[in-house]
Amino acid sequence: MTELVSLSGIRKNYAGVQALKGVDFDLKAGEVHALVGENGAGKSTLMRVLGGETPPTSGTVSLYGEMVALSGPRDATSRGVSVIHQELALAPDLTVAENIFLGRLPGFVNHGALRKAARDILDRLGFAIDPAVQAGRLTVAHQQVVEIAKALSNKARIIVFDEPTAVLANSDAERLLAIIRELRAGGTGVVYISHRLNEVFDLSDRITVMKDGSHVETLETVATDVDAVIARMVGRQMSALFPPKDGRVPGKVVVDVRNVTRGRKVRDVSFSVRAGEVVGLGGLVGSGRTEVARLVFGADKMDSGTVELNGKPLHLSSPRDAVRAQIGLVPEDRKEHGVILDAPIRINTTLAKIRSITRFGILNVTKERQVATALGAEMRLKASSVDAPVSSLSGGNQQKVALAKWFHADCDLLILDEPTRGVDVGAKSEIYNLINDLAKAGKAVLVISSEHQELFGICDRILVMAEGAIVGELAEGAFTEQQLLTLAMTQSARNRDEASL
Amino acid sequence: MTTTPASAAAPSSLTPRILEAVRHYGTLGIFLVLVIVASLWSDAFLTERNLMNVVRQVASGAGIMAVGMLFVVLTRGIDLSVGSIAAVGSVLCAHLIAAQGFSVPLAILLVIATGAACGVVTGFFVAYMRLPSFVISLAMMAIARGISLIVSAGRPITMGEPGASLVDFGSGFFLGIPQPAILMLLIYAIGAAVLTYTSFGRIVTAIGSNEEAVRLSGVPVERYVLSVYVISGALAAVAGIVAAGRTGIGTPQVGVGAELDVIAAVVIGGASLMGGRGNMFNTLLGALILGIITNIMNLAGVPGYHQNVYLGLIIILAMLIQYVTARSRR
Amino acid sequence: MTTTPASAAAPSSLTPRILEAVRHYGTLGIFLVLVIVASLWSDAFLTERNLMNVVRQVASGAGIMAVGMLFVVLTRGIDLSVGSIAAVGSVLCAHLIAAQGFSVPLAILLVIATGAACGVVTGFFVAYMRLPSFVISLAMMAIARGISLIVSAGRPITMGEPGASLVDFGSGFFLGIPQPAILMLLIYAIGAAVLTYTSFGRIVTAIGSNEEAVRLSGVPVERYVLSVYVISGALAAVAGIVAAGRTGIGTPQVGVGAELDVIAAVVIGGASLMGGRGNMFNTLLGALILGIITNIMNLAGVPGYHQNVYLGLIIILAMLIQYVTARSRR
Amino acid sequence: ADCKVGLTMPSLNAPYFAAQVAAVEKAAKDAGCEITTADSQSDFSKQINEVEDMIAKGINILIINPRDQEALVPVVNAATAAGVKVVAMDSTLNPKANFISQVRSSSDENGRLVGDWIAKTMKGTPIKMILLSGNQGNPGGLERRMGVIKGITEAQLVNEGAVNLQILGQGWGDWATDGGLKAAEDLFQAHPDANLVVGENDSMVLGAVQAAKAAGLDKILFAAAADGQREALAMIKDGAYGATGLNDPDLVGRTAFDVAYKALKGELPSDFPKEYFTPADVISKDNVDKYYKPDSVF
Ligand SMILES: Nc1ncnc2c1ncn2[C@@H]1O[C@H](COP(=O)(O)OP(=O)(O)OP(=O)(O)O)[C@@H](O)[C@H]1O
Ligand SMILES: Nc1ncnc2c1ncn2[C@@H]1O[C@H](COP(=O)(O)OP(=O)(O)OP(=O)(O)O)[C@@H](O)[C@H]1O
Ligand SMILES: [Mg+2]
Ligand SMILES: [Mg+2]
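Residues numbered from 1 in each chain as written. Chains lettered and ligands numbered in written order. Predicted model: local features only at pLDDT ≥ 70, side-chain atom pairs only at ≥ 80, totals over all residues. Heavy atoms only, no water.

Draft legend 1. Structural context of the interface of chain D and chain C. Counting residues at the interface gives 30 residues for chain D, matched by 31 residues for chain C. A combined buried area of about 2600 Å² lies between chain D and chain C, and 50% of that area is made up of carbon and sulfur atoms. Seen at the junction of chain D and chain C, the total is three salt bridges. With a closest N to O distance of 3.8 Å, R56 of chain C and E52 of chain D form a salt bridge. Viewed at the interface, chain C and chain D are joined by nine residue pairs in polar contact (both at pLDDT 80 or more). Looking at the side of chain D that touches chain C, the elements that each hand over two or more residues are β2 (34–39) and α2 (44–57) of chain D. No other element matches α2 of chain D, which puts 11 residues into the side of chain D that touches chain C. Partitioning the side of chain D that touches chain C into residue classes produces 10 nonpolar, 10 polar and 10 charged. (Contact = heavy atoms within 4.5 Å. Buried area = accessible area lost by both parts, 1.4 Å probe. Salt bridge = Lys/Arg side-chain N within 4 Å of Asp/Glu carboxyl O. Polar contact = N/O pair within 3.5 Å; in protein donor to acceptor, adjacent residues only side chain to side chain. Helix = DSSP H or I, 4+ residues; strand = E, 2+ residues; numbered from the N terminus. Nonpolar A, V, L, I, M, F, W, Y, C, P; charged D, E, K, R; others polar.)

Draft legend 2. Structural context of the interface of chain B and chain C. Each side of the interface is counted separately: chain B has 45 residues, and chain C has 46 residues. The largest contributions to the chain B side of the interface with chain C come from F134, L260 and Y305 of chain B, which together make up 15% of the buried area. Counting every contact that joins chain B to chain C gives zero salt bridges. Here chain B is connected to chain C by two residue pairs in polar contact (both at pLDDT 80 or more). Looking at the side of chain B that touches chain C, the elements that each hand over two or more residues are α5 (133–152), α11 (258–268) and α13 (304–325) of chain B. Here the side of chain B that touches chain C is built from residues that sort into 35 nonpolar, five polar and five charged.

Draft legend 3. Geometry of a nonpolar patch on the surface. Residue and element names in this part refer to chain B. Among the surface-exposed residues, V33, V37, W41 and Y310 lie close enough to one another that they form a single nonpolar patch of about 330 Å² accessible area. In terms of residue count, the dominant contributor to the nonpolar patch is helix α1 (residues 10–41) (three residues). Relative to the helices and strands, Y310 resides in helix α13. (Patch = residues over 30% accessible without salt bridge, like charges linked within 9 Å, V, L, I, M, F, W, Y side chains within 5 Å. Areas by Shrake-Rupley, 256 points an atom, 1.4 Å probe, with all protein chains shown as cover.)

Draft legend 4. Main features of the site of ligand 2. Looking at ligand 2, there are 14 residues lining it, with G286, R289, T290, E291 and E332 of chain A nearest. The local environment of ligand 2 is shared, drawing residues from chains A and B. When the free accessible area of ligand 2 is taken as 620 Å², the share hidden by the protein chains comes to 80%. Its residues assigned to classes, the shell around ligand 2 comprises three nonpolar, five polar and six charged. (Near = heavy atom within 4 Å.)

Draft legend 5. Focus on the sheet that holds strand β7 (residues 165–172) of chain D. All names here are of chain D. If you walk across this open sheet you meet the six strands as β7-β6-β8-β9-β10-β12, and the pairing is mixed. In this open sheet, the two strands that pair with only one neighbour each are β7 and β12 (282–283). Bridge analysis of strand β10 (residues 243–246) against β12 gives two bridges, and the strand direction is antiparallel. Paired with T244 across the strands is I283, a residue of β12. This element, helix α6 (residues 177–190), spans β6 (127–133), β7 and β8 (196–199) of the sheet and lies at about 145° to β6. (Pairing = 2+ DSSP bridges. Axes fitted to C-alpha atoms, helices over the stretch in contact; angles between N-to-C directions.)

The following block contains the structure:
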């Protein structure tokens, strides 16, 4: 096998931070080389060096056996390197088709031809996304698909997938994995970054583990196992991903959602969550789970239906009403909705309950630092200080800040929309523990997740949604992939049948 | 296991188109309401002559400059120098023709090149030094105004006989439509085509939408950002030439305060100053809306001091119509 | 199971502070260079009298208004109406005192309330209707200008004897410093305190960074957005009162074109028109920088037509200094 | 020579002002003085700043064309107190202020003459007038239009015993040709029966002439309350333009400087009036040759 990429001794310093401390990495044609490590280990940074987006402080980059000094993303692309970014990099006002071909638009754009070409690629990926739609109107998951289509359209020989499945439901992720296998068979070299270790083992030929900006070890996938990899990632043995559910005592009903409807996205949804209970909301991408969460949080207006909290009907006209009623929401789109990237951690942490650190409107920053630091420690937030802007954190740690905000606000009902998206196993396990602690403390928790194992591991029961409606409920003990998908999909199929009649 | 059927929600493919249409009708709605109100308010409004006046006024006012401004605004920039560059255009054009004896076409070329050069300066600092366009174009606004004053020594330059063809153009008609208006429409048509059907237009839009994404796609963003200021500068110079053609003189008084009108036209046309959103057709409507507002106040004889108040109220009303018709937009 | 050590990288704790400092020195750098150049260019510059002139000029010019504008800009908005509201302030103040016989303190209160009311109108449409601040404040700019013309019937109003205390304030000194300058510094100090030490200031800044995230944290964003326009309107009225105090008359000619100066001061002070970034100290420096530029040109006797050109060049140079000193900023 | 002159203008953005600047600068240089010119860009607080700056700089002559008749009073007083010889020109300054004299043409007298000429020329026809004003709230503009209106009224009363004057509308042209053109276009649409255009300066009326031509209106008389801009005079010669008032920027500028310079030398007669008007006249076809200079600055 020919060597496509060879990175050696890559160092990268950001004003004061050593993101990479001399990393070696190589990639051969026709292999999938997985890159794993905790949040902030430096995986994305290493790939940014490979993609020509940032020059290394020192070290060399070789492509196809030849040393190169990449001048920018364009240079890298022209040499056949494509990076699919962890943080979505689409122009929301442009159409899907335009985004896919953004770097290579012909001087005169034939939109018909462009859309057709885009549709071909999307079809190949197995997603019927309308290429004429503005990218900003797609769900995060579909935006991710567009990113992938963009890289594929480059006909790259080296493709980096930086957590491509983080926002995909399992079934969609499967489809992506099939595509990657196809690429590998065609001789493309693939770097695959993921926190979903089962996927990594499914797919990869080799696994490189990084930790704190250093290369730990490169392993042949067949010659190792999940536990060994985790041990190298976190530097010790992990016993269990999920905390035990015992010790949670469901109490009275905290939130009671009745016949909530909004357009065609949410249809007649009713459910309730008790104190001390963790309820999952499962389903396929686009089944309307996020929309339900936003309705209960007052972020969107419902056409009809009621929400009662602790027996009292709520008038939800804005998130403010929800927050006042002690409801919190960790949104799925962290960057756009969850955190203020430019602002320090402490400001993000206290934002939902700024009253706690003010007196007559005057801030007590010392107290704020204490509060944020304490919460950060409790959540094992990896950050230089609570004064650092959230943008300087790794994805997983940003997610912890989004969570910290609601921990600080101390809600009766916390809704978590994809709470572990892009979070490393260690941190995931911590977030699960935190959710468990909340439940134990008598809070009601509603978790939306496209990772079914996650729902199985932390929920007391799981509601399944399809096409905007709740189509069934899985009780503890009946948690199987089969059950969940059957519910989610038969209902969809039935609706389609009805529609076609 | 388990392949999932492609989960594209059929309705969602329609939604954006409807929204797109609503966006159109936002500005179109204002426009129509305004036309109706204006024709009820004054009999003189809906006469051919008056309508032709309005389009010619718009053409030599904010109209042509708004095309360039839209490009700038799409990239999330702003260009405050347009009015001053128009003054340079007007003065230099008359100067070259009357004092230097250049032929009209050559003078026009040189003047447009000068406007473009001003745009190069602004664009360079904005694109390559990443300095804020507001301040840099404000600086260019001062510089260009100064140049127009220096070139003209502060007084109007009559083009006289050598500039007759330009004056004929400025006051002439073609198929019953004022020639400056035809030029303006042509510029809008080209602008719209560039925006929709060329990679340039798409990339400019993309830059305002998500500059980082465009950069990561390997596009030399700086060049495009530079270009929009060049276009804006060149079109401002064209506006200055049209103004000179219309009055027969070049004067440094052209375009004082025009930058706000031009930007207002673009924004009333529904473009976002945060970049990435806006189209030519609505921008034209925006420019016409502003033109109609001042026209109808003159026709209806609104007293001078009250014109300001009416202008403000009508603009707010116009935006409210946009709000009502395009409510779901944001 | 599963605990991860919290590996805080020590060095990175410095980064934000260094960046913060660099940001400071960007504007401070310009300021110092300008002061040095100015004192070399003209002997008259570094005289006490001249420096006091400059601060008083800034105080009754862009200085006070820039405080309100910074709040607006932090939320990602823009307020073009400040100059016109200052005109309303100046005219109304003189009218109330001279024609209506109000006492000076009462007149001042009423005038500030009027300015705030103008801000309420702008803010309402921007915050609750989500209409673009550029156009709405442009409309308010026209309306307020019209009001100032109507109230004054287009003529200056002399305050005369009843307004003597205001005139004394406008031209008086306290501890050797012009009183308007002291007022301005006080307003900046309060502004800085509000921005840094109150939840109001923090939320305003946060809204400019990511409005949606703030909304989804349960903050009534609309109220805060409304408030910044109210502050801006009120401070513009104060600027109008100071102008009236300085000249002894209220006139509708106050603040024509001031909006661009005020915004320029804020941006030269390093604030981003994209919201979320900016501070009071640098805004003050920005206002002083603009004041010094025109002052030194008058002292050095730069001819009128060339002043525009110099002004533009110096602004560009100033921004370049900011670029060099604060290179890592973006 | 210790003669430092400061000249401050309300705006440099008009040909009239440009001509004035040229006149003062030339006179100052001829007298061996050093001169600084400042442009207030239509903002009187800028003008106040400029005067303050000039005092700080140590000028001993200040020629000011004040942007506002009241607002500039304190700073003019301050200048006089600092020993500067202050002469105002062109625009009015409250005579209560401490300065030597103000030199200008008389809007009142010019307007009367222009009005008189109009009334005579249009004798027997009811006057339907369109008024082109500069900008809202400008006192000079107000003086000019009232001068013409007074002149017409008085002349009609004297000649015909009754006033037959209708003002159909007022447009705002920002003192500029294209502004006047636009305002006139609109007003001609609203009032096609107009037979007279009066502007507060020549530049705007020049625009109106074009608007009339484009609208095919050929029975309209054009007049300006004041100025005598070269282009207007050329058209008066041709008969396309009726009349304008004599407001010679060159003369005003030179006189203003002379007064100040004499004061500095101590040569100014002690009874020199605080308000000095340059001679007024109406320039029409009859006397245009006297005033028309093809190479004049203005
Ligand atoms: N632009 C930057 N400025 C300063 N520090 C940075 C920057 N980009 C990354 N870092 C730091 O570099 C380190 C590595 O970050 P990187 O994003 O590469 O981690 P990662 O392994 O991709 O994590 P994740 O799994 O969360 O995506 C982190 O400590 C991060 O804070
Ligand atoms: N801003 C939007 N504009 C148009 N359609 C949207 C928008 N957001 C979501 N949708 C559509 O609404 C439907 C429900 O989306 P929602 O995000 O609620 O689903 P979900 O189950 O949470 O899926 P996901 O896993 O993607 O979050 C989908 O068909 C989606 O395409
Ligand atoms: Mg990463
Ligand atoms: Mg979702």
